[in-house]
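# Topology and contacts: notes
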Amino acid sequence: MKHPVNELKKAIRKKEFQLGVWSTLCSPVAAEVLSATPFDWMTIDMEHSPNTLDGVLHQLHAVQGNSMPVIVRPPWNDFVTIKQLLDIGVQSFIIPYVQSRQEAEAAVAATRYPPEGVRGAAGGTRAGHYGLVPDYLVNANKQICVIVQAETITAVDQIEEIASVKGVDGVFVGPTDLAASMGHLGNYHHPKVQSKIAEAAERIHAAGKMAATLSFDAELARAYAGMGYDMIAVASDISLLRQGAAALIKGFARN
């Protein structure tokens with residue numbers, strides 16, 4: 001059996017523009033449905049959703065029949081959680097709240113076997129198809145994709161140093177937390193926040209890395225694309241469910 005290829009990492013290297021969807025319902029059925037849609041990638045969120053390790057595993061089982069790349073956002077830049085996610089087969093990560101070069105280096109190190117990192121080695125995990133991929137340990141590092149989140153003004157001020165870390169494939173700018181850190185809680189539309197988001201994309205690209213962000217507002221998402229963002233999450237399972245229901249009801253006359 002061959003080592004699994006990370007299609008997301010391939011697309012990033014080719015500088016392909018990609019639209020993604022956020023999976024937050026902690027449902028294997030919802031994840032399976034999303035994985036068959038035309039989005040380019042899906043993020044299973046553990047930071048702001050009650051996803052657990054076994055819940056993520058069930059969702060990975062559900063989507064494995066489809067080809068959509070899956071990213072997992074762990075709850076924190078935590079070596080132990082990242083190790084467990086790697087062992088169940090996760091190849092791509094969005095690591096939250098990375099504030100410095102040192103924290104970016106720690107995120108990368110957590111995903112790599114020595115000598116490039118500190119990931120614990122085990123030969124019989126799901127990641128290597130339970131030992132059926134004979135070269136898994138020696139090739140795993142090459143297939144891991146790490147996207148770090150810059151979601152405060154502190155992180156954006158150091159974005160070149162963060163982006164320049166070897167092993168960081170891209171930087172994800174979080175508009176909501178960035179707005180909060182700039183004194184505009186709940187108002188990421190503020191001109192100063194949007195200006196900083198645009199500036200961040202330019203600086204990430206200048207460092208030679210891919211720029212990512214999200215907006216579930218289509219107009220704003222298109223604006224981010226115009227700013228040069230390469231990866232944009234444009235919907236979530238919750239937003240699609242809510243908006244679909246609202247659109248359907250709107251089409252009926254009600255007394």
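Below is a short write-up of the structure. (Residues numbered from 1 in each chain as written. Predicted model: local features only at pLDDT ≥ 70, side-chain atom pairs only at ≥ 80, totals over all residues. Heavy atoms only, no water.)

### Details of the sheet that holds strand β4 (residues 92–95)
Sheet strands line up and pair through hydrogen bonds in the backbone, either parallel or antiparallel. The condition is simple: What makes two strands pair is DSSP finding at least two bridges between them. A run of H or I in DSSP becomes a helix once it reaches four residues, and a run of E becomes a strand once it reaches two; helices and strands are each numbered from the N terminus. Orientation is described by axes fitted as lines to C-alpha atoms, over the contacting stretch for helices, and by angles from 0 to 180 degrees between their N-to-C directions. Any pair of residues with heavy atoms lying within 4.5 Å of one another is described as a contacting pair.
A barrel is described by the order of its strands in space; here eight strands give the closed sequence β1-β2-β3-β4-β5-β6-β7-β8, paired in parallel fashion. When strand polarity is set aside, the average angle formed by the axes of neighbouring strands in this sheet is 30 degrees. Pairing between strand β6 (residues 170–173) and strand β7 (residues 210–214): three bridges, direction parallel. Counted as the bridge partner of Val171 is Ala211 from β7. Its contacts with the sheet put helix α11 (residues 218–227) on β7 and β8 (231–236), and the angle it makes with β8 is roughly 170 degrees.

### Digging into the nonpolar core
When a protein is soluble and globular, its nonpolar side chains tend to lie buried together. As a reminder, the rule being used: The set of buried Ala, Val, Leu, Ile, Met, Phe, Trp, Tyr and Cys residues whose side-chain atoms join them within 4.5 Å is what this entry labels a nonpolar core. Relative accessible area decides the class of each residue, using a 1.4 Å probe on protein chains only: under 20% of the type maximum gives buried, over 50% gives exposed, and in between gives partly exposed.
By size, the foremost hydrophobic cluster in this structure holds 51 residues, and its most contacted members are Val148 and Tyr229. Among the elements that line this core, the one with the most residues is helix α10 (residues 191–206), at five residues. Trp22, Trp41, Cys145 and Met231 belong to the second-largest nonpolar core, a separate cluster that totals 13 residues.

### Comments concerning the pairing of β4
The criterion, for reference: A clockwise course of the path from the first strand over the helix to the second, judged with the strands pointing away from the viewer, identifies a crossover as right-handed.
The side-chain alternation of β4 yields two buried faces, one formed by Ser92 and Ile94 and the other by Phe93 and Ile95. Bridge count for strand β3 (residues 70–73) against β4 is two bridges, and the pairing is parallel. Opposite Ile71, over in β4, you have Ser92 as the bridge partner. After leaving β3, the chain enters helix α4 (residues 79–87) and then returns to the sheet as β4, a path that is right-handed. In this sheet, strand β5 (residues 145–150) lies alongside β4 in parallel orientation, the contact comprising four bridges. Counted as the bridge partner of Ser92 is Cys145 from β5.

### Some remarks on helix α5 (residues 101–110)
Every buried residue of α5 is listed here: Ala104, Ala107, Val108, Ala109 and Ala110. Those residues of α5 that are buried lie in contact with α4, β4, β5 and α8 (159–163).

### So, the pattern of salt bridges
Rule in force here: The term salt bridge refers to a pairing of a side-chain nitrogen on Lys or Arg with a carboxyl oxygen on Asp or Glu at a separation within 4 Å.
Here the structure, examined in full by the defined rule, presents nine salt bridges. Taking the shortest distance from any N to any O, the salt bridge between Asp169 and Lys9 comes out at 2.8 Å. Linking Asp169 in the loop between α8 and β6 with Lys9 in helix α1 (residues 7–13), this pair joins segments that are 160 residues apart in sequence. As far as burial versus exposure is concerned, Asp169 and Lys9 are alike and both buried. Between Arg119 and Asp87 there is a salt bridge, and its shortest N-O distance comes to 3.1 Å. You can see Arg119 sitting in the loop between α5 and α6 (136–139) and its partner Asp87 sitting in helix α4, a full 32 residues away along the chain. Judged by relative accessible area, which is 17%, Asp87 ranks as buried.

### Some remarks on a nonpolar patch on the surface
This is how the line gets drawn: Patches here: salt-bridge-free residues with over 30% relative accessible area, like charges joined within 9 Å, nonpolar side chains (Val, Leu, Ile, Met, Phe, Trp, Tyr) joined within 5 Å. In this description, accessible areas are obtained by the Shrake-Rupley approach with a 1.4 Å probe, and a residue is regarded as covered only by the protein chains that are shown.
Taken together, the side chains of Leu25, Ile238 and Leu241 make up a nonpolar region of the molecular surface, amounting to roughly 270 Å² of accessible area. Along the polypeptide, Leu25 turns up in the loop between β1 (18–23) and α2 (28–35).

### Notes on the packing of α10 against α11
What counts here: Any angle that falls under 35 degrees is termed roughly parallel, while one over 145 is termed roughly antiparallel, one within 65 to 115 roughly perpendicular, and all others oblique. Residue type decides the class: Asp, Glu, Lys and Arg count as charged, Ala, Val, Leu, Ile, Met, Phe, Trp, Tyr, Cys and Pro as nonpolar, and the leftover types, Gly among them, as polar.
At a minimum axis distance of 9 Å, the contact between α10 and α11 shows a crossing angle of 40 degrees. What the angle tells us is that α10 and α11 run oblique. Residue-level inspection shows Gln194, Ile197, Ala198 and Ala201 of α10 in contact with α11, the latter providing Leu220, Tyr224 and Met227. Within the contact of α10 with α11, the residues separate by chemical class into six nonpolar, one polar and no charged.

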